[in-house]
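# Understanding the architecture of this molecule
Here are the chains, one letter per residue:
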Amino acid sequence: ANAEEIRNMDELPETADELKSIAKIFKGGSKLYLREDFNEETVKTIDLNNYKIISFATHAVIANEISNVAEPGLILTPPDGPTEINDGILTVSEIEKLTLQSDVVILSACNTAAADGSPNAGGLSGLASAFFQAGTKSILVTHWNVETNSAVKLTTGMFDKMKKTKNLSQALHLSKMDILSNEETSHPLFWAPFVLIGNVTQAIN
């Protein structure tokens, strides 16, 4: 990928607040990677088996949205000298090679339920399918572009409510209802794109 093209993408300062809030909910059992620490080398070398809940808050791209990249991916911080294995985008084919034992992966980004870019491919065949192949039991994805501030409220609200409900799907529903009940964010644009798929029952264990 063209690292300069990635660097020119809009910054998402709210995502740091989102991840910090989620980390506080899980207190000492969490690890946070932000900005320069959030890169392909880190994701590919840390032992992701140790984490039951993994959350990405960043840009996501569909196939061919980035020059020379014909598959969907998650945008990470590119290095000063990009290489083929560390160029600032974690693609579907790279995600499939990860080893996960997570109960849920949160993709707080735009269009993460999109197809893989191949002819006649169906929805969920891209990032969602890749994370399932890597080993996660369930995943929170989006069906269209998301508004950043409401995404922060939805994900942090979901985890906060899960402490009481002990049910991830119910917690997501209640978090959506909070956003829906606010007149300024009642439009489906703000809350409807997020969908939880997979073994949701096991995701609360």
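We now turn to the structure provided with this report. Residue positions are given per chain, counting from 1 as you read along its sequence in written order. The predicted origin of the model limits local features to residues at a pLDDT of at least 70 and limits the giving and counting of side-chain atom pairs to 80 or more, whereas totals for whole chains, interfaces and linings rest on all residues. Heavy atoms from the whole structure form the basis of all side-chain values; hydrogens and water molecules are not counted.

### Observations regarding the sheet that holds strand β4 (residues 89-91)
Any two strands with at least two DSSP-identified bridges between them are counted as paired. Runs of H or I in DSSP of at least four residues are treated as helices and runs of E of at least two as strands, each being numbered from the N terminus. The 3 strands are arranged β2-β3-β4 in an open sheet whose pairing can be described as antiparallel. Only two strands of the sheet have a single partner each, and these edge strands are β2 (60-61) and β4. Strand direction decides the pairing type here: strand β3 (residues 73-75) and β4, joined by 3 bridges, are antiparallel. From the neighbouring strand, Leu 74 faces β4, where its bridge partner is Leu 90.

### Side note on the sheet that holds strand β5 (residues 104-108)
Spatially, 4 strands are ordered β1-β5-β6-β7 in an open sheet, and the strand pairing comes out mixed. At either margin of the open sheet sits one strand with a lone partner, and together these are β1 (53-57) and β7 (194-198). Taking each pair of neighbouring strands and ignoring which way they run, the sheet shows an average axis angle of 15°. Pairing geometry for β5 and strand β6 (residues 138-142), over 2 bridges, is parallel. Its bridge partner lying in β6, Val 105 is registered against Ile 139. Packed onto the sheet, helix α5 (residues 127-134) meets β1, β5, β6 and β7 and runs at close to 165° relative to β6. Residues are treated as being in contact if the distance between any of their heavy atoms lies within 4.5 Å. A fitted line through C-alpha atoms serves as each axis, taken over the contacting stretch for helices, and the angle formed by two N-to-C directions is quoted from 0 to 180°. Sheet strands touched by helix α6 (residues 148-165): β1, β5, β6 and β7. Its angle to β5, the strand with the most contacts, is close to 155°.

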